[in-house]
Amino acid sequence: MTLDPAASPAFGQANLSNCEREQIHFAGSIQPHGALLAVRESDGVIVQESGNAAAFLGYPQSLRGAHLRKLGGDLWSRSRLYLDRPVDAIPVALRCAAGARGEPLNALLHRAPHGGLIVELEYAGPPVDYTIAIQRGVDAILSSSTLRGLCDSCAGMFRDLTGYDRVMIYRFDDEGHGEVFSETKRPELEAFFGNRYPASDIPQIARRLYERNRVRLLADVDYTPSALEPRLSPLTGEELDMSMCFLRSVSPIHLQYLKNMGVAGTLVVSLMVGGELWGLISCHHYSSRLIHFEMRAVCELLAEVMGTRIAALESFAQGQADLSVRRLEQRMIESVTREGDWRGALFDGARSLLLPLNASGAALLFEGKMQTVGDVPGSEEIRALGQWLQTRLNDGVFVTSALSSQEPAFAPLTGVASGVIATRISSEPGELLIWFRKERVRTVTWGGNPFKAPSDGDDPNELSPRRSFAQWHQVVEGTSDPWTAADRAAARLIGESVTDVVIQFRSLRILVAQDQLEHVLRQVHASSQQIVVAAADGAVLEANSALNLLLGLPRPLRHLDELSAHFADPDEVEERLRALRDSRTPWRGEALLVDRMGGTRPIAVRADPVLASRDRILGYVILFTDLAERRTAEAARRNFRDNLLLSQRRLMRRIDSSATLAVENVMSSIIDNAQLAALEIADGLDTASIPDTLESVRASVARAAEVLEQISIGGASDAGGRSPSKSYGGKK
């Protein structure tokens, strides 16, 4: 199949209609404040270079075909140590000497995706110990208790460290649009705080590169690119993938974008949270500005710590919602036991149901009846909405902050129900829990009109993405405040809790309402919750298919006495069941179930007697919940803690003893931040995602440790532990 070249335009060939697909990682040139060499690893020969490489190193002619050792100094002796090491995820930084003048250089090494060692060189700044600055930054991050406070503090911190005229914390929303969430700047500059920018401003290809290459510097917007020679890599015959190159040229479209803003130099640092691009730390300067590697590394390190703190703060917010939901669930269970129903507890005041989601109203559709709280549409409108939602709850939860845009027929509900979030509470059609948010007419401030068609030209330098960056105000109607990830998680958890209570409630009806037996049994049997309903004498009235699957039963369970044989400690289970039957003692606890393969898996047990009166018992309801997923999350947390300690010890062994105490303090603070985040994450709503989220934090700490090592070792000594003066032949 032949691809249309216009579908993925080459670097510098895109216009504003297809710039989101521009192959910016195949730039074919670099910014000239440094030089690039591509080295064949088998023999150390330079096979590709930036056009300025020879002059940068003080040589009169091309360096292609020369061995890297011919450049003098210790560049080759130090680079060769990494020929057989994995250096494709994060570049290796070396402080070395090379070239005809023997000047001190910073070298960053990484392996190209299809082979070849890429060596990028820049002039080194004076050695600086940033340990104290890092420690202060980590302390400031750790002391932030809110997302707003954290971002405001970090914006000021990054401006103090880097000296840029403007520093913004740029946050992405669920649709990919960006918002200037925090800002600090020179007093005379126009404020961008609160401005929003459309998702198209940062194409998906660029976002993926921000995830891989966490720090991007543009020293001078008016630079003249230095092309790679030859253009195609001699090792592959293809364009060199420059995704990890810190010198990689910037798209002409982006350069024009910055010029239209009057910006001359930028530094952009990625904010990664949970393994995804959460936002950017964007630094603007109104004259050219070059930041040396050591400061860029400090910025990357602090951004990693900041991302971990954001994960902790967001998980804490979810944990607070989790606590509210659990309290609500307990009240419903008590209501079922005491009053034979659960709906009174759910609607006992507005706060218990509305506060966890910051909703203005809610409605329950259950068994053909409706109950509401707060500000809600009329009964007929709610029933029509429930019918419409039936086919839109494929994953169990439906969310919108603009209902009328999804279904114009509901436009009359805009004032009270612009935002809707709904969840199933049973497998029965039409049984839903729905929350509402009122319309909030608001003005959104965009940095330029996002709806204005851009002007295109044949010359990329003539492209003008929104020439005027004057604020453009859009009045947004027909929408509510957006539902957050925590809102969605809380809705799902409340729905699951109500579903459990509904099953318990319907299980009770098996015992007290024989005329409804067939209908209710179908509900219980179809539930994914493992459940046993037994008569007063222990005979099993219902053991649903979910239980049979969990126990691996060859035939249906007939009596409660048969349960103990399926547990690792049958004597304890028999004792619990005896207490349940003889003294009507409920069973709340955990037990180890023996599965079909002979292994064990932890389960939670909730067993209750069902009383018709004080002296007459109808039977028993027993619910089982598989805890294997929760245990996996707990194991991930223990493994996370052990790996942190191991990583810390390994790092300390590699660091020069003279710097150990200061660097150890920094690393300890970073690990404290990660452990705090782990506690919050482990208390989050989504148990299944805990291992992956903890792994992302562990990876972030590992990356921060590598960057810290680069700062403390790469800038202070060579691979053999020598001081910079020895590396430079006695010069400092």
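Note on numbering: residues in each chain are counted from 1, in written sequence order. Residues qualify for local features only when their pLDDT is at least 70, as the model is predicted, and side-chain atom pairs are given and counted only at 80 or more; totals for whole chains, interfaces and linings, by contrast, use all residues. For side-chain calculations, the full set of non-hydrogen atoms in the structure is used, while hydrogens and water are omitted.

Engineer: Just give me the short version of the packing of aromatic side chains, but keep the residues and values in it.
Structural biologist: Two measures describe an aromatic ring pair: the distance that separates the ring centres and the angle between the ring planes. Stacked, tilted and edge-to-face pairs are distinguished by plane angle, under 30 degrees for stacked and over 60 for edge-to-face with tilted covering the rest, among Phe, Tyr and Trp rings (Trp via its six-membered ring) whose centres lie within 6.5 Å. Scanning the entire structure with this criterion turns up five aromatic pairs. Seen in terms of ring centroids, tryptophan 388 and phenylalanine 398 are 5.5 Å apart; in terms of plane orientation they differ by 85°. Their pairing is edge-to-face. Of the two residues, tryptophan 388 is situated in helix H10 (residues 379-389) and phenylalanine 398 in strand S16 (residues 397-400); the sequence distance between them amounts to ten residues. With a 1.4 Å probe rolled over the protein chains alone, any residue whose accessible area is under 20% of its type maximum counts as buried; one over 50% counts as exposed, and the rest are partly exposed. Relative accessible area serves as the criterion here: at 11%, tryptophan 388 is assigned to the buried category. Taking the relative accessible area as the measure of exposure, phenylalanine 398 reaches 7% and is therefore buried. A centroid spacing of 6.3 Å and a plane angle of 35° characterise the contact between phenylalanine 567 and phenylalanine 624, whose relative ring orientation is tilted. Here phenylalanine 567 is found in the loop between helix H15 (545-551) and helix H16 (570-582), whereas its partner phenylalanine 624 is found in strand S25 (residues 616-626), with 57 residues between them in sequence. When its relative accessible area of 3% is taken as the criterion, phenylalanine 624 is described as buried. Through a chain of ring-to-ring contacts, the aromatic side chains of Trp388, Phe398 and Phe410 assemble into a single cluster. Directly above the ring of phenylalanine 181 sits arginine 148, whose terminal nitrogen or CZ lies 3.8 Å from the centroid. Sitting over the face of the ring of phenylalanine 172, arginine 207 holds its NZ or CZ atom 4.4 Å from the ring centroid. The numbering of helices and of strands both runs from the N terminus, where a helix is a DSSP run of H or I of at least 4 residues and a strand a run of E of at least 2. Both a distance and an angle decide whether a charge sits over a ring: NZ of Lys or CZ of Arg must be within 6 Å of the ring centre and within 35 degrees of the ring normal.

Engineer: Outline the sheet that holds strand S14 (residues 361-366), supporting the account with residue identities and numerical values.
Structural biologist: Two strands form a pair only when DSSP identifies at least two bridges running between them. Strand order in the open sheet formed by five strands is S15-S14-S18-S17-S16, and the pairing between neighbours is antiparallel. Looking at the sheet topology across the chains shown, the edges are occupied by strand S15 (369-374) and S16. Across this sheet, the average inter-strand angle for adjacent strands is 10°, counted without regard to direction. Of the strand pairs in this sheet, S16 and strand S17 (residues 419-424) are connected by four bridges, and their pairing is antiparallel. By the bridge assignment, valine 399 is partnered in S17 with isoleucine 421. By definition in these notes, contact holds between two residues if any of their heavy atoms fall within 4.5 Å. Under this scheme, a helix contributes an axis fitted over its contacting stretch, all axes are lines through C-alpha atoms, and angles between N-to-C directions fall in the 0 to 180 degree range. Its contacts with the sheet place H10 against S14, S15, S16, S17 and strand S18 (432-437), and it is angled at close to 115° to S18.

Engineer: Can you explain the packing of helix H3 (residues 131-142) against helix H4 (residues 147-162)? Please cite residues and give values.
Structural biologist: H4 packs onto H3 with a crossing angle of 165° between their chain directions and a minimal axis gap of 10 Å. The orientation of H3 with respect to H4, classified from their angle, is roughly antiparallel. Relative to H4, the crossing made by H3 is right-handed. Contact with H3, carried on its side by Ala133, Gly137, Ala140 and Ile141, involves Leu150, Ser153, Cys154, Met157 and Leu161 of H4 and no other residues of that element. Gly is placed with the polar residues, together with every amino acid not listed as nonpolar (Ala, Val, Leu, Ile, Met, Phe, Trp, Tyr, Cys and Pro) or charged (Asp, Glu, Lys and Arg). Split into classes, the residues belonging to the contact of H3 with H4 amount to seven nonpolar, two polar and no charged. Here the word oblique covers every angle except those under 35 degrees (roughly parallel), over 145 (roughly antiparallel) and from 65 to 115 (roughly perpendicular). A crossing counts as left-handed when the near helix is turned anticlockwise from the far one by less than a right angle, and as right-handed when that turn is clockwise.

Engineer: Report on the nonpolar core, specifying residues and quantitative values.
Structural biologist: As a rule of thumb, nonpolar side chains are buried together in soluble globular proteins. Working definition of a nonpolar core: buried Ala, Val, Leu, Ile, Met, Phe, Trp, Tyr and Cys residues. They are joined through side-chain atoms within 4.5 Å. Counting 77 residues, the largest nonpolar core has Ile134, Ile281, Met306 and Ile670 as the members making the most contacts within it. Of all the elements, helix H7 (residues 293-339) adds the most residues to this core, at 14 residues. Residue contacts for isoleucine 281: discarding those within four places in its chain leaves Phe158, Val167, Met168, Ile169, Leu267, Val268, Val269, Leu271, Ala303 and Met306. Formed by 30 residues, the second largest nonpolar core is a distinct cluster that contains Phe347, Leu364, Ile421 and Val498.

Engineer: Lay out helix H5 (residues 204-212) in plain terms, naming residues and giving numbers.
Structural biologist: Listed as buried for H5 are Ile205, Ala206, Arg207, Leu209 and Tyr210. Against strand S7 (166-172), strand S10 (215-218), strand S12 (265-273) and strand S13 (276-285) lie the buried residues of H5.

Engineer: Please set out the pattern of salt bridges residue by residue, giving values where relevant.
Structural biologist: The working definition used for a salt bridge is a side-chain nitrogen of Lys or Arg within 4 Å of a carboxyl oxygen of Asp or Glu. Taken as a whole and assessed by the stated rule, the structure comprises 22 salt bridges. A salt bridge links arginine 296 to glutamate 122; its shortest N-O distance comes to 2.9 Å. Note that arginine 296 is positioned in helix H7 and glutamate 122 in strand S6 (residues 117-123), a separation of 174 residues in sequence. Here arginine 296 falls in the buried class, since its relative accessible area comes to 6%. The salt bridge partner of arginine 171 is glutamate 179, with a shortest N-O separation of 3.7 Å.

Engineer: Break down the environment of serine 50 for me, with residues and values.
Structural biologist: Topologically, serine 50 is positioned in strand S3 (residues 45-50). Take serine 50: its relative accessible area is 1%, and that puts it in the buried class. Non-local contacts of serine 50, meaning those with residues more than four positions away in its chain, are made with Ile30, Ala35, Leu36, Ser226, Ala227 and Leu228. In protein, a polar contact requires one atom able to donate a hydrogen and another able to accept it; more generally it is a pair of N or O atoms within 3.5 Å, and residues adjacent in sequence count only if both atoms are side-chain atoms. Here asparagine 52 takes part through its side chain, which lies 2.7 Å from a polar atom of the side chain of serine 50.

Engineer: If you had to explain the pairing of strand S8 (residues 178-185) to someone new, which residues and values would you point to?
Structural biologist: Relative to S8, S7 runs antiparallel, the two sharing seven bridges. Its bridge partner being in S8, isoleucine 169 is matched across the sheet by serine 182. Two successive antiparallel strands, S7 and S8, enclose a turn made up of five residues, where glycine 176 displays a positive phi of approximately 90°. Bridging between S8 and strand S9 (residues 196-197) involves two bridges; their strand directions are antiparallel. Paired with glycine 178 across the bridge in S9 is tyrosine 197.

Engineer: Go over the confidence of the model for the chain with me, naming the residues and quoting the values.
Structural biologist: What pLDDT conveys is the predictor's confidence in a given residue, as a value from 0 to 100. Mean pLDDT over the chain stands at 80; residues scoring 70 or higher make up 82%. Low pLDDT, under 50, characterises residues 1-6; the predicted model gives this stretch two contacts beyond four residues in sequence or across chains. Counted against residues more than four places away or in other chains, residues 715-732, with its pLDDT under 50, gives 23 contacts.

Engineer: Talk me through a negative patch on the surface; I want residue IDs and the actual numbers.
Structural biologist: What goes into a patch is any residue over 30% in relative accessible area without a salt bridge, connected to like charges within 9 Å or, for nonpolar side chains (Val, Leu, Ile, Met, Phe, Trp, Tyr), within 5 Å. We get accessible surface area from the Shrake-Rupley algorithm with a probe of 1.4 Å; when it comes to residues, only the shown protein chains can shield them. The charge count treats Lys and Arg as positive and Asp and Glu as negative. His and the chain ends do not count. Lysine's charge is taken at NZ, arginine's at CZ, aspartate's at CG and glutamate's at CD. Among the surface-exposed residues, Asp569, Asp571, Glu572, Glu574 and Glu575 lie close enough to one another that they form a single negatively charged patch. With respect to the helices, strands and loops of the structure, glutamate 575 is situated in helix H16.

Engineer: How would you explain the sheet that holds strand S21 (residues 530-535) if you had to name every residue and give the values?
Structural biologist: Across the sheet, which stays open at both edges, the five strands sit in the order S22-S21-S25-S24-S23 with antiparallel pairing between neighbours. The strands lining the two open edges of the sheet, one partner per strand, are strand S22 (540-543) and strand S23 (587-594). When the angles between neighbouring strand axes are averaged without regard to direction, this sheet yields 20°. Across the sheet, H16 is in contact with S23, strand S24 (600-613) and S25; its angle to S25 comes to roughly 145°.

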